[in-house]
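# Descriptive analysis of the structure
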Amino acid sequence: MTSWLDIVMVLLFLTDLGLLGSSRLGVYVRLAAVQGVLVGVLPLLVQHTLALETVAVAAGTIAVKSVLFPWLMARIMRGFDDRRERQPYLGYTVSLVLGVLAVGAALWISRRLPESGAGGLAAHGFLMPAALFSIFTGLILLVTRRKAVTQVLGYLVMENGIYVAGMVLVPESTFLVELGVLLDLFVGVFLMGIMIFHIQREFDHIDTDQLAALKDWGGEP
Amino acid sequence: MNGRGLIHYALALLLAPLLLGVINRVKAAFAGRRGQPVLQPYYDLVKLLQKGAVYSRTTTWVFRAGPVVTLAALLAALALVPFAGQAGPLSFQGDVIVCVYLLGLARFFTVLAALDTGSAFEGMGASREVQFSALAEPALLVGLVVLGRQTSTASLGPMFAAVGPALWMTAGTTLALLAVAFFIVLLSENSRVPFDDPNTHLELTMIHEVMVLDHGGPDFGLILYGSALKLWIFSAFVAGLVVPYRCGNGWVDTAAAVGALLLTALVVGTVESCMARLRLLRVPHLLISATVAAVLAFLLMTR
């Protein structure tokens, strides 16, 4: 039976693949916002009962992940001349193929995990694979992209994956943990925003690769 | 052999050029023009078939065989394609692979005929065609394998007969991914807009048009008819997935399936009007995305 949960999880897979395969920063931010909504509605779908706490957590998650963070990133990006991720360490097509391998790995691993979690959620469908795949996607984005914004975004995607995994493993206390994580993440994104701003003002670009070279070392113009 | 399959086959032969007409009409409507008559492809075919042919002295028999073999392969492939949930006139276990190979054979002879002219320009077109179809074929084949696995058969007829509201309920996400993959393959294989612009004769952007540039008269008529059949085949795949509802009465089903094909043509025309052609370097990326969608469907199915 195709449930709403399955559809949301498949959409999560697709947004992850979209992140791996696209080159425009604007698309990245929009996909991250969509992913925030997908992850945000998850508690409502998993819990079945509409407790006030559940709704509050869902609303909070959606507000932070799909409104606040994208808004912050769009703000950071406003000053950029170049809104594309140029020359990543790994091409988009290779990333996509790697992504498919990661989907396979996620499905393979999650089939071998012991069935834990209340309500047999781990056994249920795509939750665990989607969580693992989001973590892998975040990892790939973090490692292979050059721009600081994209790396922050990879971190966000990874966190989404951890959130979904938390939903599977500890459905009851996940909200408390999640609130803490969200706060950390907010501070993280905020700090990175300030850092990116300064890096950009200092060096006229946010290519982290070039930060390895000292600026005032003569030689290079 | 079955009666309704034969009727569908005749219907396909008769109505295939209509799809091209509909696409042109939709594009004209988007551009605010009245556009050519819907039946224009038929007039074109009749006109071309009445003309004489001119052959360059550098060409050999391969050039003359090209259009004929291409059309023959497509006619054979069409006989395998199910329509309205009913198997084609020919149906046997494993006809999936035969169908894909027949489409490959048609492409192979178009490419050979293009190379036979000895023109570097056509060689370029041939190279592009082969490059793109090498990427589109895995998407189609993996997609059909997923469908076969889902319905546990290796024959196109039963495969598409099993696609129905029930299967959409149990495996809707898989089917939706497949539909997307098939649609991208349709656009690529029929050289529609994000991949190729069928209207342009601008040298650097064409793919398919380059290869048939040296054909004229009846040969070009055969090629035109062949491309209409190819569009019909791929549209039948997509429409068979997306509009699976059958009501039991054969004739209503047939009419509904024809309507679904015309709807597919409408969507193709809309895509063509709303999108710009992709840069040539970006084309493989989109095709690999189609393959990725098909492989994802495969992985999700085997979980």
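Computed from a predicted structure; not experimentally measured.

## Description of the side chain of Thr59 of chain B
Residues and elements named next belong to chain B. Checked against the element boundaries, Thr59 lands in the loop between helix H2 (40-50) and helix H3 (61-80). Taking relative accessible area as the criterion, Thr59 reaches 13% and is therefore assigned buried. A polar side-chain atom of Thr59 sits 2.7 Å from the main-chain carbonyl oxygen of Ser56. Discounting residues that sit within four places of it in the chain, Thr59 has contacts with Asp116 and Thr117.

## Describing a nonpolar patch on the surface
Residue and element names in this part refer to chain A. Taken together, Val187, Phe190, Leu191 and Ile194 make up a surface patch of nonpolar side chains, about 350 Å² in accessible area. Mapped onto the fold, Phe190 is located in helix H8 (residues 174-203). For Phe190, a relative accessible area of 43% translates into the label partly exposed.

## Here we look at the interface of chain B and chain A
As a measure of interface size, the accessible area lost when the parts come together is often cited. Contact with chain B, which involves 18 residues of that partner, is made by 20 residues of chain A. Seen at the junction of chain B and chain A, the total is 0 salt bridges. Where the side of chain B that touches chain A is concerned, the elements lending two or more residues are helix H7 (165-189) and helix H11 (283-301) of chain B. Broken down by element, the residue count for the side of chain B that touches chain A peaks at 8 residues, all from H11 of chain B. Partitioning the side of chain B that touches chain A into residue classes produces 10 nonpolar, 6 polar and 2 charged.

## Digging into the side chain of Asp95 of chain B
Residues and elements named next belong to chain B. As for its placement among the helices and strands, Asp95 is situated in helix H4 (residues 95-116). Here Asp95 falls in the buried class, since its relative accessible area comes to 0%. What Asp95 contacts, discounting residues up to four positions off in sequence, is Leu80, Leu90, Ala154, Ser155 and Leu156.

## Re helix H1 (residues 4-21) of chain A
A turn of α-helix holds 3.6 residues, and therefore any two residues three or four places apart point the same way. Spanning 18 residues, H1 of chain A covers 25 Å between terminal C-alpha atoms, matching the ideal 26 Å at 1.5 Å per step. Most of H1 of chain A sits out of view: 13 of its 18 residues are buried.

## Regarding the environment of Asp196 of chain B
Mapped onto the elements of the fold, Asp196 of chain B is located in the loop between H7 and helix H8 (208-211). It is 23 Å that separates the C-alpha atoms of Asp196 of chain B and Ala77 of chain B, two residues lying 119 residues apart in sequence.

## Digging into the packing of aromatic side chains
All names here are of chain B. Evaluation of the coordinates by the stated rule reveals 7 aromatic pairs over all chains. Where Phe160 meets Phe237, the ring centres are 5.7 Å apart and the plane angle is 15°; that geometry is what we call stacked. Residue Phe160 is located in helix H6 (residues 156-162), and its partner Phe237 is located in helix H9 (residues 217-242); the two are separated by 77 residues in the primary sequence. Phe237 carries the same exposure label as Phe160, and that label is buried. With centroids separated by 6.3 Å and ring planes inclined at 90°, the aromatic side chains of Phe234 and Phe237 adopt a geometry described as edge-to-face. Of this pair, Phe234 and Phe237 both sit in helix H9, separated by 3 residues, roughly a single helical turn. Assigned by exposure class, Phe234 and Phe237 land together as buried.

## Brief notes about the packing of H3 of chain B against H4 of chain B
All names here are of chain B. For the pair H3 and H4, the least separation of the axes is 8 Å and the interaxial angle reads 165°. In terms of orientation, H3 lies roughly antiparallel with respect to H4. Remark: the crossing between H3 and H4 carries left-handed chirality. Within the contact between the two elements, H3 uses Val62, Phe63, Gly66, Val69, Thr70, Ala73, Leu74, Ala76, Ala77 and Leu80 and H4 uses Asp95, Val98, Cys99, Leu102, Leu103, Leu105, Ala106, Phe109, Thr110, Leu112, Ala113 and Asp116. Within the contact of H3 with H4, the residues separate by chemical class into 17 nonpolar, 3 polar and 2 charged.

About the thresholds
- Residues numbered from 1 in each chain as written.
- Chains lettered and ligands numbered in written order.
- Predicted model: local features only at pLDDT ≥ 70, side-chain atom pairs only at ≥ 80, totals over all residues.
- Heavy atoms only, no water.
- Helix = DSSP H or I, 4+ residues; strand = E, 2+ residues; numbered from the N terminus.
- Buried < 20%, exposed > 50% of the residue type's maximum accessible area, 1.4 Å probe, protein only.
- Polar contact = N/O pair within 3.5 Å; in protein donor to acceptor, adjacent residues only side chain to side chain.
- Contact = heavy atoms within 4.5 Å.
- Patch = residues over 30% accessible without salt bridge, like charges linked within 9 Å, V, L, I, M, F, W, Y side chains within 5 Å.
- Areas by Shrake-Rupley, 256 points an atom, 1.4 Å probe, with all protein chains shown as cover.
- Salt bridge = Lys/Arg side-chain N within 4 Å of Asp/Glu carboxyl O.
- Nonpolar A, V, L, I, M, F, W, Y, C, P; charged D, E, K, R; others polar.
- Expected span 1.5 Å × (residues − 1).
- Phe/Tyr/Trp six-rings, centres within 6.5 Å; stacked < 30°, edge-to-face > 60°.
- Axes fitted to C-alpha atoms, helices over the stretch in contact; angles between N-to-C directions.
- Parallel < 35°, antiparallel > 145°, perpendicular 65-115°, else oblique.
- Left-handed = near helix turned anticlockwise from the far one by under 90°.

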